[in-house]
Amino acid sequence: MNIKIGLAGNPNVGKTTLFNQLTGLHQHVGNWPGKTVEKAEGHLNFENARIEVIDLPGNYALSAHSIEEIVSRVFIVDESSDVIVNVVDATNLERNLYLTTQMMELGANLVLAVNMNKFAKKRDYNIDFKELSTLLGIPVVEIEAIDDTGKDELLRAVKDATNKPIDSSKKLVYGAELESHLKELEKVIKRDISLLDVPVSWTAIKLLEHDKIIEEKVKESKYFLDIFNEVKKVEEHFKDIFNESSEEVIANYRYAFIEGLLNESLKKPEVEEPTISEKLDKIITNRILGLPIFLVIMWLIFQITFTVGAPFQDLIDQGFTLLGDTILAILGETTLSSFIVDGIIGGVGGVIVFLPQIVLMFLMISILEDSGYLARAAFVMDKVMHKLVGLHGKSFIPMILGFGCGVPGMMATRTMEHERDRILTMLTIPFMSCTARLPVYTLFIAAFFTAYQGEVMFSLYFLGVIVAIVVAAILKKSLFKGITSPFVMELPSYKLPSLKGVLIHTWEKAYGFVKKAGTIILAAAIIVWMLSSFPVGVEYGSQDSAIGQIGTVISPVFAPLGFGDWQPSVALLFGVVAKEVVVGTFSSIFGVGEDGAGLETAIHGLFTPLTAYAFMTFVLLYVPCFAALGTVKQETNSWKWPLVMVAVTTATAYIVSFIVYHGGMLLGFG
Amino acid sequence: MDENKKYDSIITLDQLDSDQEATIVSFNNKGDVELKRHLLGMGFVKGARIKLEKVAPLGDPIKFRLKGYSVSLRKTEAKNIQVGL
């Protein structure tokens, strides 16, 4: 027996935790067809059934408000799912059930999974699950997504619901006033059979809510004039008796239904004790401590990433050295051994070495995300983002993610409702120093700044942030003039992140990185090796080789920035593919892939500390990788924005590096 | 409608003091429709009790508590919502 279920619910209710609990590593992440919203799918076996699970985006409602809401809605309406599991937070049933009522309007075959009961009990909430189930007319299961509590019961309920589907709209009753007007409107809609592919009452409600998508659909109908006249009539009627718009009237009735339901099934204490979250927030978002705490957390992340990562890094490095030596010992000095050792091991190995730091960085970002702090960071930073650069506090989260990797950062801009905000945020993300730049910094810092490793590293990250702010402010005053969008954001309760969730998340990202190393970076490494070895007979990676000649031609461009040699030019050229390739190119050119120390010595001949810093600045700010450009293309559905990004980043990198180099000279650092 | 008489005074949401609680009375129609629909979904309906929990370190946005959870709004958005004391 095959069952297909969708997990639906508000953001922050533990939906993804449940998804991980159910499917474990049997999951993969892709995109919704034709949409840029992430789609996580997985499966599990339960008794004799194979259950396919799809994690729907987290939504507060099913209007046409955002792409996420549309995706969820289309899934419920169109897809051949058997059951929709609606995950709700027991501590916040009232607001959570608002989405439930909207799925009931659609008559979805629902199972309600009530999560976080432990927290609800701590607050002395008493939920009568049986009563709740009777009143809603759908199965209600008590679960705890972070462990296995209620998992079997939930799966059994899913199986039963598959065998005996329920029309959940049956028990949904709105007040007589609304119902009677809906009926009238339904009568008019029913005249057109082509509009009856979805419940007619739902179409009526959506029309009263001025849902753009449904309005477009109804406009195709030959009765559209009658329908819209009726909508207008109902609207005016509501205006007269309630003095409210029809959207508000419908929302009020939904909440009234929920209130009636909860009066019977939920007992709360009269006076509620402040939760641990509220107490914690008094300190964490404190007027005086809020910003320092934020800065300390950011600083800790970098310290941990680099100090804990270093020994593992050395270990991997030694492994590759040993591998290279062994291959040389077996094959001797031939073209083949040069290809393997200089090309492949030098290029790819030089990048894999940074896996520990990348894993640690993603590990900490997922801990921050899952614990609920990222939302606080947005809360604390909104004023800065808003007043200073006209961005949104929500842009802050994608930008922070950009420290890990710009690609998930750009994808995270989807939480923002306004297209222009999203694009502006995407354009600034490349300035947030991602982990792919780390190999470059690590190499140059080890070579030139051993005494100030942490400080130099921090200064680069800081510079990136400052540049992002300045560029965003300029763009806001030119290309993106006059847009401000609201800051309505839930601040979820603090939670101890689940180990499983954090590990799965980190694993996914680490795997993505290794895959990138195995494909794009390998291909780049091979091309670099070939260009370094040809024409036949030249010394490997010398100025006479193809690569040397390319570098020599473009190097004058970089001379004003202090690094006008051909090698850095070539490295930057190939670095457009992926920033790690900058280091890979250096090691290939110098043929020192099997020996990290040799590389440091080699670059000492090309750079001074000042030009090294200018070079790192350029790497920090110039064109992000192919993957990032591809993401922008995908997210904005046009080539315009990736091209704008290339132009903006290149110009910025050139200007800032120029200032760093010449400013440094003036200050006597030359 | 005489329901405004139920309250001692009507102020806008951003005028609440820390830890002060009030009841949502109405939305100012100047606010944009998209935002209104979103706020409705997040529980900002007439009659809902709402408490100002915390002002961000830099004075904006403001964190409110309603319907058992916390949500933040900017002052400019809070200005469009009237509450009764």
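The rules we used
Residues numbered from 1 in each chain as written. Chains lettered and ligands numbered in written order. Predicted model: local features only at pLDDT ≥ 70, side-chain atom pairs only at ≥ 80, totals over all residues. Helix = DSSP H or I, 4+ residues; strand = E, 2+ residues; numbered from the N terminus. Rg over C-alpha atoms; globule rule 2.2 N^0.38 Å. Buried ≥ 20, exposed ≤ 12 C-beta atoms within 10 Å, placed from the backbone. Contact = placed C-beta atoms within 7 Å. Pairing = 2+ DSSP bridges. Core = buried A, V, L, I, M, F, W, Y, C linked by C-beta atoms within 7 Å. Axes fitted to C-alpha atoms, helices over the stretch in contact; angles between N-to-C directions. Left-handed = near helix turned anticlockwise from the far one by under 90°. Nonpolar A, V, L, I, M, F, W, Y, C, P; charged D, E, K, R; others polar.

1. Let's talk about the overall build of chain B
Of the regular secondary structure elements, chain B holds two helices and six strands. For chain B, the sequential pattern of α-helices and β-strands runs β-β-α-β-β-β-α-β. Here the C-alpha atoms of chain B give a radius of gyration of 12 Å, agreeing with the 12 Å that 2.2 N^0.38 yields for 85 residues. Considered along the principal axes of its C-alpha atoms, chain B spans approximately 40 × 30 × 25 Å. Burial status across chain B gives 51% buried among its 85 residues. Counted over contacts in chain B with a minimum sequence separation of 6, partners at least 24 positions apart contribute 58%.

2. Here we look at the interface of chain A and chain B
Tallying the contact residues gives 33 residues for chain A and 30 residues for chain B. For the side of chain A that touches chain B, the elements supplying multiple residues, two or more each, are helix 3 (93-105), helix 11 (246-265), helix 13 (290-331), helix 16 (373-389) and strand 10 (489-491) of chain A. Alignment of strand 10 of chain A against strand 5 (residues 69-73) of chain B, held across three bridges, turns out to be antiparallel. Across the sheet, residue Glu-490 of chain A finds its bridge partner in strand 5 of chain B, namely Val-71 of chain B.

3. Topic: the environment of Leu-572 of chain A
Residue and element names in this part refer to chain A. Tracing the chain through its elements places Leu-572 in helix 24 (residues 566-575). For the pair Leu-572 and Val-389, spaced 183 residues apart in sequence, the C-alpha to C-alpha distance is 30 Å. Leave out the neighbours within four places in its chain, and Leu-572 touches Val-582 and Phe-618.

4. Remarks on the nonpolar core
Met-103, Val-111, Ala-113, Val-158 and Met-616 of chain A are the most contacted members of the largest nonpolar core, which totals 210 residues. Look past the residues within four positions of Met-616 of chain A in its chain and what remains in contact with it is Val-440, Tyr-441, Phe-444 and Leu-460 of chain A.

5. Observations concerning the sheet that holds strand 10 of chain A
With antiparallel pairing, the seven strands of this open sheet are ordered in space as 10(A)-5(B)-4(B)-3(B)-2(B)-6(B)-1(B). Among the strands making up the open sheet, the edge pair consists of strand 10 of chain A together with strand 1 (10-12) of chain B. Along the sheet, successive strands turn relative to each other by an average axial angle of 45°, direction set aside. Sheet topology places strand 4 (residues 62-66) of chain B next to strand 5 of chain B; five bridges connect them, and they run antiparallel. The residue of strand 5 of chain B that forms the bridge with Phe-64 of chain B is Val-71 of chain B.

6. Quick word on the pairing of strand 2 (residues 21-27) of chain B
All names here are of chain B. Strand direction decides the pairing type here: strand 2 and strand 3 (residues 49-55), joined by three bridges, are antiparallel. Residue pairing for strand 3: Ala-22 is matched across the bridge by Ile-50. Pairing between strand 2 and strand 6 (residues 81-84): four bridges, direction antiparallel. Following the sheet pairing, Phe-27 is matched in strand 6 by Ile-81.

7. Quick look at the environment of Leu-73 of chain B
The topology assignment puts Leu-73 of chain B in strand 5. Sequence separation between Leu-73 of chain B and Pro-61 of chain B is twelve residues; the distance between their C-alpha atoms is 5.6 Å. When residues no more than four places from it in sequence are discounted, the contact partners of Leu-73 of chain B are Phe-487 and Val-488 of chain A together with Pro-61, Ile-62, Phe-64 and Ala-78 of chain B.

8. Regarding the packing of helix 19 (residues 419-428) of chain A against helix 21 (residues 453-477) of chain A
All names here are of chain A. Packing of helix 19 against helix 21 leaves a shortest axis separation of 9 Å and a crossing angle of 145°. Every pair of crossing elements has a handedness; the one defined by helix 19 and helix 21 is right-handed. Where helix 19 approaches helix 21, its residues Leu-424, Leu-427 and Thr-428 are matched on the opposing element by Ala-468, Val-471, Ala-472, Leu-475 and Lys-476. Of the residues assigned to the contact of helix 19 with helix 21, the class counts are six nonpolar, one polar and one charged.

9. Things to note about the pairing of strand 1 (residues 2-9) of chain A
All names here are of chain A. Within strand 1, six of the eight residues are buried, which leaves it mostly tucked inside the rest of the structure. In this sheet, strand 5 (residues 83-89) lies alongside strand 1 in parallel orientation, the contact comprising five bridges. Looking across to strand 5, one finds that Gly-6 is bridged to Ile-84.

10. Remarks on the environment of Val-619 of chain A
All names here are of chain A. By the element assignment, Val-619 lies in helix 27 (residues 609-621). Considered as a pair, Val-619 and Ile-54 are 565 residues apart in the sequence and their alpha carbons are 39 Å apart. In contact with Val-619, not counting residues within four places along its chain, are Arg-437, Val-440, Gly-575, Lys-579 and Val-582.

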